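Observations on the three-dimensional arrangement
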There are 2 protein chains.
Amino acid sequence: MVISGSTALESDPLMLIECIPNVSEGRRPEIIEAMAAAIQAIPGVRLLDRSSDPSHNRSVFTLAGDADGVERAVLALFERAVADIDLRRHRGEHPRLGAVDVVPFVPIDGATMADCVALAKKVGAEVAARFEVPVYLYEEASADPARKNLEDIRRGEFEGLAAKMSTAGWAPDFGPAAPHPSAGAAVIGARMPLVAYNINLATDRLDVAKKIAAAIRHSSGGFRFVKAMGIKLEDRGIVQVSMNLTNCEKTPIFRVFETVKREAERYGVAILESEIVGLVPSAALMSAAEFYLQIQGFKPDQVLENKLKN
Amino acid sequence: MVISGSTALESDPLMLIECIPNVSEGRRPEIIEAMAAAIQAIPGVRLLDRSSDPSHNRSVFTLAGDADGVERAVLALFERAVADIDLRRHRGEHPRLGAVDVVPFVPIDGATMADCVALAKKVGAEVAARFEVPVYLYEEASADPARKNLEDIRRGEFEGLAAKMSTAGWAPDFGPAAPHPSAGAAVIGARMPLVAYNINLATDRLDVAKKIAAAIRHSSGGFRFVKAMGIKLEDRGIVQVSMNLTNCEKTPIFRVFETVKREAERYGVAILESEIVGLVPSAALMSAAEFYLQIQGFKPDQVLENKLKN
């Protein structure tokens, strides 16, 4: 791919890392715009997507580039966010711990999970040193099972952070042992690409969607990398199995789809359609084509577009 | 994608055209190497693949770049081929009309079929003017139904070319009214990407493969953009439906697969596996994923890699 203005990319054109920082500001357009501009000012980095939710009072940026570019973009974002956001005055529906709340690094192309873990630690140390914001590592970047899960780290939120940080086991991985007065703490880590995937059922029976969600999600005995819930789409009079697929390599989309389809049959229900919300890595869809077409011995570099990148 | 050394690409980074010239030389490595080097010397052009068949005495190059780069590469290839190949001494199993026998341009990314037709005509006129080689336009570049099909144009081969060119309806589109003495004529045109796709059946019954091939191919009443034949894979004791898919947008892979599967069931035969030979555009596999996963409202720019290109 062409990333305009990239210089770092020319030295390592094959490494591409995605980063999806979540910041605690979703209402003041000028503050959000300044953060987006800070990211876009970094050569070799592309801001792929941005969305703000006023009721959550939160914005999510999706950016991509090589390790060096993404690091510089995240530091530029912290600089703006720490200056402009005060958690003491922040209210919103979404739980949060800090001004820049969560920063996951995701390996996309030519980058490994190990690259992203190393990057998370480097950026974490830098954030703590430059902005005096304590940093917790999470997911693949955390070695401690009790501190892998974002929800566990964030429990108690900004308001409970000072107390939490002084209890055993909750010293941060980097930075001061107490919260930054206005910016709280940040959770930085590495994870696989997350795919938001929904399957709509040709029924209005919410119990069916809930039973199927329970059957496939990890927390109740289902697939290792599936989070799922059954919800009603009131306006359409149907129900949906709403999912996050947290590792499409190990729990592929087609297996989830076929399992939902089979479970629905058990209740005499058909699949109406599915939808992918937001971005999906091409490999996640390629693997579905390989499965259904029973393609043997297929290599990624047989895809014309991949061949052109290498 | 990054195409190293490209300058033209920076002015029009979204146009990517594939070109697959077939030349009448598959035995002399130094001649083949010189032709490959001539292509590779053009900035902004990537030589993606090359294969030579000594019994056919023929080589196929696959290259890609923007319109300007691909044009220059084809002219550089003609220069070498016209100098080094003499059809009067050429023997091989594959039918041929000229030193550079066939040159299809294929729209890949940001390029339309109209772009490729225009490029075929521009290159055809230039080849005729520079090398005094007569040029026939074919497929989408030809307006005459009798001169669209490569096999129709090539019938009679180099040996029958002088006689053919003097008959009504066979004046070339560009260049002299008689063959080049040593380089014959060239067939230049535009077409969709061609996907070589085979489906192996879990049986040794050749009649089943032949009946299925007849059912799906255009020439005997099947799909508009499918060429197919049934063959035996002696070493494995199975049979294969061997296909060329000449337009995967209009006749998608999944529809061909499902039809072969259904026809095979009629004979109590299962599909063992399928295979894609060589390159395939990612869109051809994406459409299969969309079909089988019943994905509604999917947009190409939801694919992370596509998003990065734009």
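Note that this is a predicted model, so its numbers are computed, not measured. Numbering of residues begins from 1 in every chain and follows the order in which that chain's sequence is written. Going through the entries in the order they are written, you letter the chains from A and number the ligands from 1. A pLDDT threshold of at least 70 governs which residues receive local features in this predicted model, and a stricter bar of 80 or more applies before side-chain atom pairs are shown or counted, although totals over entire chains, interfaces and linings include all residues.

Quick look at the overall build of chain A
- We count a stretch as a helix when DSSP gives it H or I for four or more residues in a row; a strand needs E for two or more, and each element gets its number in order from the N terminus. Assigned secondary structure in chain A consists of 10 helices and 11 strands.
- The C-alpha radius of gyration of chain A comes to 21 Å, within 12% of the 19 Å expected for a compact globule of 310 residues.
- For chain A, the spread of C-alpha atoms along the three principal axes comes to 55 × 45 × 40 Å.
- Every one of the 310 residues in chain A was classed for burial, and the buried ones make up 49%. Here the globule rule is a power law, 2.2 Å times the number of residues to the power 0.38, and the radius of gyration is based on C-alpha atoms. Our exposure labels follow a C-beta count within 10 Å of each residue's own C-beta, placed from the backbone: buried means 20 or more other C-beta atoms, exposed means 12 or fewer, and partly exposed covers the counts in between.

Quick word on the relation of the copies chain B and chain A
- Superposition record for chain B on chain A: RMSD 0.1 Å, screw rotation 180°, translation along axis 0.1 Å. In the structure described here, the two chain copies are related by an operation that fits a two-fold rotation axis.
- By the convention adopted here, residues make contact when the C-beta atoms placed from their backbones lie within 7 Å. A high fraction, 100%, of the interface residues of chain B reappear at the interface in chain A, so the copies pair face to face through one surface. When the copies are superposed, the least-squares fit draws on C-alpha atoms of residues that have pLDDT of at least 70 in both.

Let's talk about the domain arrangement of chain A
- Domain boundaries shown here were taken from an automatic or database domain assignment. When cut into domains, chain A gives domain 1 (8-190) and domain 2 (195-309).
- The centre of domain 1 of chain A, based on its C-alpha atoms, is set 29 Å off from the matching centre of domain 2 of chain A.

Some remarks on the confidence of the model for chain A
- Scored between 0 and 100, pLDDT is the confidence that the predictor attaches to each residue. Across chain A, pLDDT averages 92, with 95% of residues at or above 70.
- Residue range residues 1-11 of chain A is modelled with pLDDT below 50. Its contacts to residues more than four positions away, or to other chains, number 23 contacts.

Comments concerning the interface of chain B and chain A
- At the interface, 38 residues of chain B touch 38 residues of chain A.
- Ranked by the residues each element gives to the side of chain B that touches chain A, the list is headed by helix 9 (residues 282-292) of chain B, at 6 residues.
- By the convention adopted, Pro, Cys, Tyr, Trp, Phe, Met, Ile, Leu, Val and Ala count as nonpolar, Lys, Arg, Asp and Glu as charged, and the other residues, Gly among them, as polar. Residues of the side of chain B that touches chain A, tallied by class, amount to 25 nonpolar, 7 polar and 6 charged.

Focus: helix 3 (residues 67-84) of chain A
- Taking 1.5 Å per residue as the helical rise, helix 3 of chain A with its 18 residues ought to reach 26 Å, and the 26 Å between its terminal C-alpha atoms agrees with that figure.
- Along helix 3 of chain A, 13 of the 18 residues are buried, which leaves the element largely enclosed by surrounding structure. What a helix is expected to span follows from its residue count: subtract one and scale by 1.5 Å.

Some remarks on the pairing of strand 5 (residues 100-109) of chain B
All names here are of chain B.
- The element strand 5 is largely enclosed, with a buried count of 9 among its 10 residues.
- With 4 bridges joining them, strand 1 (residues 16-19) and strand 5 adopt antiparallel strand pairing. Considered in strand 5, the bridge of E18 is made with V106.
- In short, DSSP must find at least two bridges between two strands for them to pair. Across 2 bridges, the pairing between strand 2 (residues 22-23) and strand 5 is antiparallel. By the bridge assignment for strand 5, V23 is matched with V100.
- Relative to strand 7 (residues 186-190), strand 5 runs parallel, the two sharing 4 bridges. Bridge assignment links F105 to a residue of strand 7, and that residue is A190.

Concerning the packing of helix 9 (residues 282-292) of chain A against helix 9 of chain B
- Remark: helix 9 of chain A packs on helix 9 of chain B, axes separated minimally by 8 Å, with the N-to-C direction vectors making an angle of 75°. When the axes of helix 9 of chain A and helix 9 of chain B are compared, the pair comes out roughly perpendicular. Of helix 9 of chain B, the residues touching helix 9 of chain A (which contributes S282, L285, M286, A288, A289 and Y292 of chain A) are S282, L285, M286, A288, A289 and Y292 of chain B. Simply put, an axis is a line fit to the C-alpha atoms, just over the touching stretch for a helix, and the angle between two N-to-C directions goes from 0 to 180 degrees. Note on terminology: angles under 35 degrees are roughly parallel, angles over 145 are roughly antiparallel, angles of 65 to 115 are roughly perpendicular, and the others are oblique.

A few points about the sheet that holds strand 8 (residues 195-201) of chain B
Residues and elements named next belong to chain B.
- Taken together, 4 strands build an open sheet; the order of strands is 9-10-8-11 and the sheet is antiparallel. Unpaired on one side and paired on the other, strand 9 (226-233) and strand 11 (271-277) mark the two borders of the sheet. Looking at each pair of strands side by side, their axes are set apart by 20° on average, direction ignored.
- As paired strands, strand 9 and strand 10 (residues 238-245) are joined by 8 bridges and run antiparallel to one another. Its bridge partner being in strand 10, G230 is matched across the sheet by V241.

Side note on the sheet that holds strand 9 (residues 226-233) of chain A
All names here are of chain A.
- An order of 9-10-8-11 is seen for the 4 strands of this open sheet, with the pairing classed as antiparallel. Two strands bound the open sheet, and with one partner strand each, they are strand 9 and strand 11 (271-277). Strand-to-strand twist of the sheet, defined as the mean angle between neighbouring strand axes without regard to direction, takes the value 20°.
- The sheet strands contacting helix 7 (residues 206-216) are strand 8 (195-201), strand 9 and strand 10 (238-245), and the helix crosses strand 9 at an angle near 175°.

A few points about unusual backbone geometry
Residue and element names in this part refer to chain A.
- The residue N57 is not glycine, and still its phi comes out positive at about 55°.
- Relative to the helices and strands, N57 is located in the loop between strand 3 (46-53) and strand 4 (58-65).
- Phi is positive for Q294, close to 55°, though the residue is something other than glycine.
- When you line up the elements, Q294 lands in the loop between helix 9 and helix 10 (304-309).
- Residue Q294 is classed as partly exposed on the basis of its 16 C-beta neighbours within 10 Å.

Notes on the nonpolar core
- Counting 189 residues, the largest nonpolar core has I17 and A120 of chain A together with I17 and A120 of chain B as the members making the most contacts within it.
- Setting aside chain neighbours within four positions, we find A120 of chain B in contact with F105, L137, A141, I188, G189 and A190 of chain B. Linking buried Ala, Val, Leu, Ile, Met, Phe, Trp, Tyr and Cys residues through C-beta atoms within 7 Å yields a set, and such a set is a nonpolar core.

A short note on the environment of A214 of chain A
Residues and elements named next belong to chain A.
- Within the element layout of this structure, A214 appears in helix 7.
- Here A214 falls in the partly exposed class, since 16 other C-beta atoms lie within 10 Å of it.
- Along the sequence, A214 and M243 sit 29 residues apart, while their C-alpha atoms lie 11 Å from each other.

Focus: the pairing of strand 3 of chain A
Residues and elements named next belong to chain A.
- Inspection of the sheet shows strand 3 paired to strand 4 by 7 bridges, in the antiparallel sense. Residue pairing for strand 4: S51 is matched across the bridge by V60.
- Once strand 3 ends, the chain turns through 4 residues before running back antiparallel as strand 4, passing N57 with a positive phi of about 55°.

As for the environment of E25 of chain A
Residue and element names in this part refer to chain A.
- In this structure, E25 sits in the loop between strand 2 (22-23) and helix 2 (29-40).
- Residue class for E25 comes out buried when judged on the 24 C-beta atoms lying within 10 Å of it.
- The residues touching E25, leaving out its near neighbours within four places in the chain, are I31, I32, N57, S59 and I85.

Comments concerning the environment of V70 of chain B
All names here are of chain B.
- Note that V70 resides in helix 3 (residues 67-84).
- Separated by 114 residues in the primary sequence, V70 and G184 place their C-alpha atoms 22 Å from one another.
- When near neighbours in sequence (up to four residues on either side) are disregarded, V70 contacts I17, C19, V45, L63, G65 and F105.

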